[in-house]
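Next come the chains, spelled out residue by residue.
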Amino acid sequence: MSKFGFLGLERASQNETSDFLPSVAGRNVLEEEQRTSLKPPHPENLISAFEDAAQGWFWATDCAGELTYLTPNALSVLGAGAGEGAKALFANLFLQNKDELEAGRTLSFAMIRNSSFSKLVVTNAFGPQRRWWSVSGTPKFDDGGNFTGYCGSGVDITSQRESSENATRIAMCDSLTELPNRLRMSQVLDAHLSKYHFHKEPCAILLIDLDRFKQVNDTLGHPAGDALLKFVAQRLFKLVGDRERIFRLGGDEFNVFVRNSDDRGVLEALGNEIIACLSEPYSIDGKRCSIGASVGIAVSPHNGLTADDLIRNADLALYGSKANGRGCTTFFSQELLERAKDRRGIEEDLRDALTRNEFEVYYQPIVRCADNKATGVEALVRWCHPTRGPISPELFIPIAEEANLISVLGEWVLRRACDDASKWPGKIRVAVNISPIQFASGLLPNLVVSALANSGLEANRLELEVTEGVFLSESQDTDQTFATLKRIGVRLALDDFGTGYSSLGYLRTAPFDKIKIDKSFVYAATLPGSRNSAIIAAIVALADALEMETTAEGIETEDQLSLIRDLKVSHVQGYIYSKPVQNAVVNDQLHSGNWAITPNGPSHQRSDRKSVYRRVRAIFGNHCRTILIRNLSESGALIEGLDNVPTGSKLLIDFAEGQLVFAKVVRNHSRLSGVQFESPLDRDEEGRFHPRHRVSKLQLRSLGISSNHELEVAPAIAENNSAELEELRGRLGMASQTTDGPVRLGSPRGTGAEANLTLNSLARLYLDSIGDDPGRYKTETTLLRDHVLPNFGQMRPDEISTQYLSDWFESTRRRDTPGQAAIEQMILLLQRFNVREIANVEGKALSRKAKHERHLSADEIERLNAAVAESHNQHLKFVVALLMLTGVRQRDLSEAQWNQFDLDDKVWHMPDPNSGKSRSVPLSQKAADLIAQLPRLEGCPYLIANPKTGKPYISFAGSWQTAISRADLMGLEIDDVRNCIEPSKLGEP
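As the structure is a prediction and not an experimental result, all values here were calculated from the model. (Residues numbered from 1 in each chain as written. Predicted model: local features only at pLDDT ≥ 70, side-chain atom pairs only at ≥ 80, totals over all residues. Heavy atoms only, no water.)

S.K.: I would appreciate a short explanation of the overall build of the chain in the present structure.
M.R.: Along the chain, the regular secondary structure elements total 35 helices and 34 strands. Counting across all 989 residues of the chain, residues that qualify as buried make up 47%. Residue pairs in contact within the chain that sit at least 24 positions apart in sequence constitute 63% of those at least 6 positions apart. (Helix = DSSP H or I, 4+ residues; strand = E, 2+ residues; numbered from the N terminus. Buried < 20%, exposed > 50% of the residue type's maximum accessible area, 1.4 Å probe, protein only. Contact = heavy atoms within 4.5 Å.)

S.K.: I would appreciate a short explanation of the nonpolar core in the present structure.
M.R.: Counting residues in hydrophobic clusters, the biggest one holds 78 residues, and the most contacted among them are V430, L462 and F512. Looking at which element gives the most residues to this core, the answer is helix 16 (residues 406–422), with seven residues. Those residues in contact with V430 that sit more than four places away from it in its chain are Y363, V377, A379, A417, A421, W424, L457, R461, L462 and E463. In terms of nonpolar packing, the next biggest core, distinct from the first, is built from 35 residues, L882, F901, I944 and L969 among them. (Core = buried A, V, L, I, M, F, W, Y, C linked by side-chain atoms within 4.5 Å.)

S.K.: Could you clarify how one ought to interpret helix 11 (residues 222–240) in this entry?
M.R.: Because an α-helix packs 3.6 residues into every turn, residues spaced three or four apart end up facing the same way. The end-to-end C-alpha distance of helix 11, which contains 19 residues, comes to 27 Å, matching closely the 27 Å that a straight helix rising 1.5 Å per residue would cover. Listing the buried residues of helix 11 in full gives A224, G225, L228, L229, V232, A233, R235, L236, F237, L239 and V240. Once helix 11 finishes, G241 follows within two positions and takes phi at roughly 85°, a positive value. (Expected span 1.5 Å × (residues − 1).)

S.K.: Which parts of the structure should I look at to understand the environment of T647?
M.R.: By secondary structure assignment, the location of T647 is in the loop between strand 25 (636–640) and strand 26 (650–654). Taking relative accessible area as the criterion, T647 reaches 47% and is therefore assigned partly exposed. Between the alpha carbons of T647 and R667 there is a distance of 5.7 Å; along the sequence they are 20 residues apart. Among all residues touching T647, those that are not within four sequence positions of it are V665, V666, R667 and N668. For T647, the side chain forms a polar contact with the side chain of N668, separated by 3.1 Å. (Polar contact = N/O pair within 3.5 Å; in protein donor to acceptor, adjacent residues only side chain to side chain.)

S.K.: For this particular structure, what's the right way to read the side chain of S321?
M.R.: Secondary-structure assignment places S321 in helix 13 (residues 307–323). With a relative accessible area of 0%, S321 lands in the buried category. Those residues in contact with S321 that lie beyond four places of it in its chain are S294, V295, G296, R326, C328, T329 and T330.

S.K.: So what exactly am I meant to see when it comes to the sheet that holds strand 32 (residues 901–902) here?
M.R.: By definition, the strands of a sheet pair up through backbone hydrogen bonds, in either a parallel or an antiparallel sense. The three strands are arranged 32-33-34 in an open sheet whose pairing can be described as antiparallel. The sheet is open, and its two borders are formed by strand 32 and strand 34 (918–922), each paired with just one other strand. Note: strand 32 against strand 33 (residues 907–911), two bridges, orientation antiparallel. Directly across from D902, in strand 33, lies its bridge partner V907. (Pairing = 2+ DSSP bridges.)

S.K.: Just to check I follow, could you spell out the packing of aromatic side chains for this structure?
M.R.: To describe a pair of aromatic rings, one takes the distance between the centres and the angle between the planes. Counted under the stated rule, the structure contains 19 aromatic pairs. For the pair W59 and F90, a centre-to-centre distance of 3.9 Å together with 10° between the ring planes defines the contact as stacked. Of this pair, W59 sits in strand 1 (residues 57–61) while F90 sits in the loop between helix 4 (72–78) and strand 3 (94–96), and the two are 31 residues apart along the sequence. Accessibility assignment for this pair places W59 and F90 in one class, buried. Plain terms: the ring middles of F359 and W383 are 5.5 Å apart, the flat faces sit at 40° to each other, and that makes the pair tilted. Taken as a pair, F359 in strand 14 (residues 359–368) and W383 in strand 15 (residues 373–385) lie far apart in primary sequence, 24 residues in all. Take F359 and W383: they sit in the same class, and that class is buried. By way of ring pairs, the aromatic residues W57, W59, F90, F94, F117, W133, F141, F147 and Y150 are connected into one cluster. Between R161 and the ring centre of W132, over which it is positioned, the NZ or CZ distance is 4.4 Å. (Phe/Tyr/Trp six-rings, centres within 6.5 Å; stacked < 30°, edge-to-face > 60°. Lys NZ or Arg CZ within 6 Å of the ring centre and 35° of its normal.)

S.K.: What exactly am I supposed to notice about the sheet that holds strand 7 (residues 203–211) here?
M.R.: The strand order 8-9-7-12-13 describes an open sheet built from five strands, whose pairing is mixed. The open sheet terminates on both sides in strands that have one partner only, identified here as strand 8 (246–250) and strand 13 (329–331). Taken pair by pair, the neighbouring strands of this sheet meet at an average axis angle of 25°, ignoring direction. Taken together, the three bridges between strand 12 (residues 292–300) and strand 13 define a ladder with parallel strand orientation. In the sheet register, G296 faces strand 13, and the bridge partner there is T330. Each of strand 7, strand 9 (253–259), strand 12 and strand 13 is contacted by helix 13, which is oriented at about 140° to strand 12, the strand it contacts most. (Axes fitted to C-alpha atoms, helices over the stretch in contact; angles between N-to-C directions.)

S.K.: What am I meant to see in the pattern of salt bridges here?
M.R.: Where charged atoms of side chains with opposite charge meet at close range, the side chains can pair. Taken as a whole, this structure holds 23 salt bridges when the rule is applied. In this structure, D352 engages R356 in a salt bridge whose closest nitrogen and oxygen atoms are separated by 3.8 Å. On the basis of relative accessibility, which here comes to 36%, the residue D352 falls in the partly exposed class. Through salt bridges with shared partners, one network takes in R429, E463, R491, K514 and E549. (Salt bridge = Lys/Arg side-chain N within 4 Å of Asp/Glu carboxyl O.)

S.K.: Please explain the confidence of the model for the chain as it appears in this structure.
M.R.: Predicted coordinates in regions of low pLDDT should not be interpreted in detail. Looking at the chain, the pLDDT average stands at 77 and 75% of residues meet or exceed 70. Here residues 6–25 is modelled with pLDDT under 50, and outside its nearest four sequence neighbours on either side it reaches 27 contacts, counting other chains as well. Ignoring residues within four places in sequence, the model shows residues 845–854, a span with pLDDT below 50, making 33 contacts including any to other chains. (pLDDT = per-residue confidence, 0-100.)

S.K.: I'm lost on the packing of helix 10 (residues 213–220) against helix 11 in this one. Help?
M.R.: Relative orientation and spacing of two packed helices are given, respectively, by the angle between their axes and the distance between those axes. At a minimum axis separation of 6 Å, helix 10 and helix 11 run at an interaxial angle of 140°. Judged on the interaxial angle alone, helix 11 and helix 10 are oblique. Residues F213, V216, N217 and L220 of helix 10 touch helix 11, and the partners they reach there are H222, A224, G225, L228 and L229. Taken together, the residues that form the contact of helix 10 with helix 11 break down as six nonpolar, three polar and no charged. (Parallel < 35°, antiparallel > 145°, perpendicular 65-115°, else oblique. Nonpolar A, V, L, I, M, F, W, Y, C, P; charged D, E, K, R; others polar.)

S.K.: Please explain helix 22 (residues 532–545) as it appears in this structure.
M.R.: The first and last C-alpha atoms of helix 22 sit 20 Å apart over 14 residues, in line with the 20 Å expected at 1.5 Å per residue. Within helix 22, the full set of buried residues consists of N532, I536, I539, V540 and A543. In a view along the axis of helix 22, the buried residues occupy a sector of 100°, so they form one face of it. Every exposed residue of helix 22 that faces more than 90 degrees away from the buried side is listed here: A534 and A545. (Arc of directions from axis to C-beta.)

S.K.: Before we go on, may I ask you to explain unusual backbone geometry in this structure?
M.R.: Negative phi is the rule for most residues except glycine; trans is the rule for most peptide bonds. P301 follows S300 through a cis peptide bond whose omega is 15°. Along the polypeptide, P301 turns up in the loop between strand 12 and helix 13. One non-glycine residue, E547, lies in positive phi territory at about 55°. Mapped onto the secondary structure, E547 falls in the loop between helix 22 and strand 21 (549–553). In the Ramachandran plot, K906 falls in the positive-phi region, its phi being about 55° despite a non-glycine side chain. Within the secondary structure, K906 sits in the loop between strand 32 and strand 33.

S.K.: Before we go on, may I ask you to explain the pairing of strand 15 in this structure?
M.R.: Looking down a regular strand, the side chains alternate between one sheet face and the other. Among the 13 residues in strand 15, ten count as buried, and that is most of the element. Pairing geometry for strand 14 and strand 15, over ten bridges, is antiparallel. If you follow R368 over to strand 15, its bridge partner there is K373. With three bridges connecting them, strand 15 and strand 16 (residues 389–391) associate as antiparallel partners. Looking at strand 16, one finds that H385 is bridged to G389. Hairpin remark: strand 15 followed by strand 16, antiparallel, with three residues in the connecting loop.

S.K.: Could you clarify how one ought to interpret the environment of F439 in this entry?
M.R.: Position of F439 relative to the elements: it lies in helix 17 (residues 436–440). Judged by its relative accessible area of 3%, F439 is buried. The spatial distance from the C-alpha of F439 to the C-alpha of S407 is 9.3 Å, given a sequence separation of 32 residues. With near-sequence residues (within four places) excluded, F439 lies in contact with I434, L444, V466, V470, T478, T481, F482 and L485.

S.K.: Which parts of the structure should I look at to understand the packing of helix 18 (residues 444–455) against helix 19 (residues 476–488)?
M.R.: As a packed pair, helix 18 and helix 19 sit with axes 9 Å apart at the nearest point and diverge in direction by 15°. By the criterion of interaxial angle, the relationship of helix 18 to helix 19 is roughly parallel. Seen along the crossing, helix 18 lies across helix 19 with a hand that is right-handed. Contact residues: L444, P445, V448, V449 and L452 in helix 18; T481, T484, L485 and I488 in helix 19. For the contact of helix 18 with helix 19, the per-class residue count stands at seven nonpolar, two polar and no charged. (Left-handed = near helix turned anticlockwise from the far one by under 90°.)

S.K.: Help me understand the pairing of strand 2 (residues 67–70) in this model?
M.R.: Bridge count for strand 1 against strand 2 is three bridges, and the pairing is antiparallel. When the bridges of strand 2 are listed, W59 appears paired with L70. What sits between the antiparallel neighbours strand 1 and strand 2 is a turn of five residues, in which G65 has the positive phi angle 90°.

Here it is, written out as structure tokens:
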């Protein structure tokens, strides 16, 4: 038999032979034969020529699947497995393509069935390089119908496959950040969600939007913006640890996909960690820039079982984060969906509201402080919906801007205000708000001329109010528009001064007649410790120097009005004089003569109280209990649940996540108690209140504070528990607000106004004092700007606690910046600023601060071991155990390689990247046994590697956060298990 006898060529006709030739080649040969009537070549010669040309190869097996023939040229590319000759199973030479596996079309399955198969895509299991093959086979039977084996062919499709994969990668990958893109995210979500009915595995997506990214593009340019997006992608990768779970959706939006988790606590912790990570400053081309991030979370199956629903709901949650002031994490809720639907309904009705005459212009008087006479009014649009009733401008104006309706609405208000004012007696002015969109359109001057001409109103009686948003473009068109408006003769006012993008350059270039001081400065200006009055005084002085009028908005109380008059503000607008009124009221008042208004309002400013229903913890020193806040203000709260707590008792209120404030019970009535906070709460842009101090939950537990949630009767509180609370204050490292702490440079004590100076103010004084030393001035300015002031600038020296300093130095040490000498210099700077608590951490600032100095209890160790064992990342339990057993850092463990370990001698030869040498880390028998149990990936040198990528884990942050959340040990860092667990208590991994 010839070498091709296995194919049956000796007794086969040409037609039979052609079954084993590639179809195109065979057809060409037959056509040529028929055309020329030449004698056909022998089939063996054809096959040999085909094999020699390396266009493909042939194979044959016996009935057991063992090779009986393989083209010689195929041996070199199929590798060592094919070299076993007749003993090699054909199916074992290949790895199956993932797509074929998912479709159930496997080579082994096809050959077991003794059926034909065609164009199965496989890759070689052996050999020096990876190649792709398209394999076909046909079963052979003897005359009795018995299966005798297979014969078939294979064609190399490596180049086509690589080309296809490259095209797919380009289609699925963001070219800038090299992260998967929106299309890939949809595929991943669809694949996971389609299996939910079988596997019941939940998942979640975290939609991330970068805050203030546009400012980076506008100020530093688009190349800087692109560089920033790359840095963001790198930080997300380091945090999440799996590039296939991070997606860039376009612009400044990213998404993180979390499998097999619907734990809101874990997801919220991850969202907050992402925000904190992305909010750290960046250095781009030597320039420092800072952005923020907002996160919206949607969880499947609760928030959707399709990719479209989940993405839409995450987007709504992200919108909720932005509405809550940005920089926070928000979960999707049905309320957000209903709000979005309601918003769409308002937008649709808004489009028809003008034609249905549903809008009306109201006017609020602007009063001269000197004589209480109205010298002008501000036009304010109001919408009375036919079914919804009055709709707040704070709701429909933003919708009008997003729906591109603001220009139409703004034109209507301008024309109506001019028409009304032209009919009023006297020379009273009318002020109309102009949106940045209107201003930037280029049509505003023509619109103003048209409105004045049609109404007959004198130009000097019209005042246009613009906000600082009109200066964002900083183009010549902006200056040209201002110049044109001034030539028309209208007045210009800068509204909401100091709340947006304030710059003195605006006042220098734009011809304003008035500055309007925003109500946010007026609010709480009369409260103790407020610096708002100093800001208002500075604005007034600036306006006087530029010969501009000033108007203070939002005046509601007599003490506010008195303060505004003392500060020499020229005009006032607010409820103390009048709410916005209809045109008819203005007309009647002006016809009666000079419009003088007597101020009428509360005598004193009272902190706004918000009705809430919020459960918090009250800590008394010897125990804690859950209480319910019914209303809340900056200075105090009305609380339910302080039964048996005498008036005068002190307590520490934990608003969750370690946000703490000391308080005192000032009154009791029935089941309600009034408490006064020792220090005012901070208030964000959305009006929410937040305590200034925060400690970790782990630290609270380390103090031995127990919860009595399960107790039927709370322990009685002593009438004077001050001693217990002061001891607790010291253990928490929170400075007392009554302490006469030093606040002025070079002075042991501060008095009067000096006692309120923050580090920002102290830093300015200090830098002024060293201005004659350029070198020192430059160095210390850099340290203050980059490290000290971003962390402490808004705090007074007596507000900076030992714990706060320790956490700061710890985070600085982890970032390996700015170096030992710089840290020593920062310690000196803080000492110059009379931060007394620096002495408590000075000696430890350059070493690891033991944030968790105590050992964990047996119960805490048990909870941690259980949580780690439940982790979806099977390597986490080994990592945690090895950190405990070896005392090395997680980073060192991630870089460890198998060739560094001598398990017989129980030694780890750890390389030192600085010296190039290695140091020997002795291993206990338990550690050596544990390392021997680790799964080892073939061809992978790393001790602990991701089985999907074969590369070391960069971080276990996501898995670790899940574990410590389940163990109720939030705040415990993965490297801290080296220091806070006694070796004798270590459990098995």
